[in-house]
Amino acid sequence: LLDDPDFLAELDKSGSRGRKGIRIVAPGSGLRGDNVDKAYSLAEKLGVEFPREALDPDATPYTANTDEVRLALFVKALEDPEAEVLWALRGGYGVSGLLPELAKHDFSRPKLFVGYSDMTLLHLFLQAHGWQTIHGAMFWELSGSSGDDDNFRILAELLSGKRKELVY
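Computed from a predicted structure; not experimentally measured. (Residues numbered from 1 in each chain as written. Predicted model: local features only at pLDDT ≥ 70, side-chain atom pairs only at ≥ 80, totals over all residues. Heavy atoms only, no water.)

Engineer: Whenever I open this one, the sheet that holds strand S4 (residues 132-135) confuses me. Can you help?
Structural biologist: Pairing between sheet strands relies on hydrogen bonds along the backbone, with the strands arranged either parallel or antiparallel. The strand order across the open sheet formed by four strands is S1-S2-S3-S4, and the pairing between neighbours is parallel. Two strands lie at the open edges of the sheet, namely strand S1 (22-25) and S4, each paired on one side alone. The mean inter-strand angle of the sheet, taken between neighbouring strand axes irrespective of direction, is 20 degrees. When strand S2 (residues 85-88) meets strand S3 (residues 112-115), the two strands line up parallel, connected through three bridges. Bridged to Trp87 within S3 is Val114. (Pairing = 2+ DSSP bridges. Helix = DSSP H or I, 4+ residues; strand = E, 2+ residues; numbered from the N terminus. Axes fitted to C-alpha atoms, helices over the stretch in contact; angles between N-to-C directions.)

Shown next as structure tokens:
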């Protein structure tokens with residue numbers, strides 16, 4: 001999929017900055033072992049930002065990093081004027097613990113948030129602050145863990161504005 005020119009062209013049309021406006025965030029679960037390097041390599045190949053300090057394989061067995069680091073990196077993406085799309089790495093445990101501190105921050109520059117599973121709590125929180133969200137494929141699934149490339153094509157079309165709605 002990362003070599004599909006149509007997929008990449010749609011991502012390049014997302015927001016005003018294309019792929020450069022996409023930030024990978026890891027407010028929940030992380031990765032372990034070789035998957036850590038694979039995730040960073042995937043982000044680099046796609047041309048999206050994913051901070052190296054987001055994943056600490058030794059932090060805890062359930063989250064990408066400590067609450068403090070996950071919160072700080074999410075807030076950094078939230079406050080980054082160049083970031084237009086925050087795309088969750090994975091779902092998983094830990095998001096609820098961030099919300100009390102996250103609620104203290106400025107949401108006056110709404111962005112678009114993408115993810116599902118345990119990110120649903122973050123969807124509801126961000127929607128209450130005026131954000132648009134897409135209950136869609138996680139970034140890590142681009143590694144081949146989902147096996148459904150159509151999910152990513154649809155997501156790219158939504159991000160680019162080519163597709164305005166989904167009908168099931």
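After presenting the structure, the write-up continues.
Engineer: Is there a simple way to explain the pattern of salt bridges in this structure?
Structural biologist: When the charged atoms of two side chains lie near each other, side chains of opposite charge can form a pair. Applying the stated criterion across every chain, the model contains 13 salt bridges. Across the pair Lys45 and Asp3 runs a salt bridge, and its minimum N-O distance is 3.7 Å. Of this pair, Lys45 sits in helix H2 (residues 34-46) while Asp3 is found in the segment before helix H1 (5-12), placing the two residues 42 residues apart along the sequence. Notably, a salt bridge pairs Glu101 with Lys104, separated by 2.8 Å at the nearest N-O pair. (Salt bridge = Lys/Arg side-chain N within 4 Å of Asp/Glu carboxyl O.)

Purely spatial values, then, with no claim about function.
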